[in-house]
Amino acid sequence: MLKEFKAFVMRGNLVEIAVAFIMGLAFAAVVTAFTGIVLGTIAYLLGSDIAFDDVGVHKGTELIIPIGTFIAACINFLIVAFVLFLVVKAYNRMQKPADAAGPTEIELLTEIRDSLRTR
């Protein structure tokens, strides 16, 4: 059972997925920091002396609905999704087209069968 578990864990796909997941988390943290800086700068340029996360519906001094936090999360999502789109697009471009890979096994077997029939 341990041997099977080791074989499962050492599969290339699982390791690649784990690395991609960890890199995605790190990238999301960078995007979150970047978005906070950009949105904070925008709020500052618009004359606000508050942080963007404090934007929302207030009841007295208490923040009831944090609209700024939601907007920041949406912008984070859009940035991460766009970068992942670019990565997948570049990855697909680097892959060989199926036609350039050569004939498939079925095509080769069909060709052999046809050549044997003509004899």
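Everything below is about the structure shown above.
Being a predicted model, the structure only gives us computed values, none of them experimental.

Teacher, can you tell me more about helix α3 (residues 67-94) here?
Given 3.6 residues per helical turn, the α-helix brings residues three or four places apart onto the same face. Helix length check: α3 (28 residues) gives 41 Å between terminal C-alpha atoms against 40 Å at 1.5 Å per residue, within 8%. Among all positions in α3, only G68, A72, N76 and V80 are buried.

What should I look at first to understand the pattern of salt bridges in this one?
Note on pairing: side chains with opposite charge can pair once their charged atoms come close. Evaluation of the coordinates by the stated rule reveals one salt bridge. Across the pair D114 and R113 runs a salt bridge whose closest N-O atoms are separated by 3.5 Å. D114 gets classed as partly exposed once you look at its relative accessible area, which sits at 34%. The class of R113 is partly exposed, set by a relative accessible area of 41%.

Sorry if this is basic, but what is going on with the layout of surface pockets here?
If a probe as big as a water molecule is rolled over the atoms, it shows which places are left empty. There is about 170 Å³ of room inside the largest pocket. Of all the elements, α3 adds the most residues to the lining of the largest pocket, at four residues. In terms of residue class, the lining of the largest pocket is built from four nonpolar, no polar and one charged.

Basis of the calculations
- Residues numbered from 1 in each chain as written.
- Predicted model: local features only at pLDDT ≥ 70, side-chain atom pairs only at ≥ 80, totals over all residues.
- Heavy atoms only, no water.
- Helix = DSSP H or I, 4+ residues; strand = E, 2+ residues; numbered from the N terminus.
- Expected span 1.5 Å × (residues − 1).
- Buried < 20%, exposed > 50% of the residue type's maximum accessible area, 1.4 Å probe, protein only.
- Salt bridge = Lys/Arg side-chain N within 4 Å of Asp/Glu carboxyl O.
- 1 Å grid on protein atoms, 1.4 Å probe; cavity = no way out; pocket = protein on both sides within 12 Å on 5 of 7 lines; lining within 4 Å.
- Points joined across faces, edges and corners; volume = space filled by probe spheres on them.
- Nonpolar A, V, L, I, M, F, W, Y, C, P; charged D, E, K, R; others polar.

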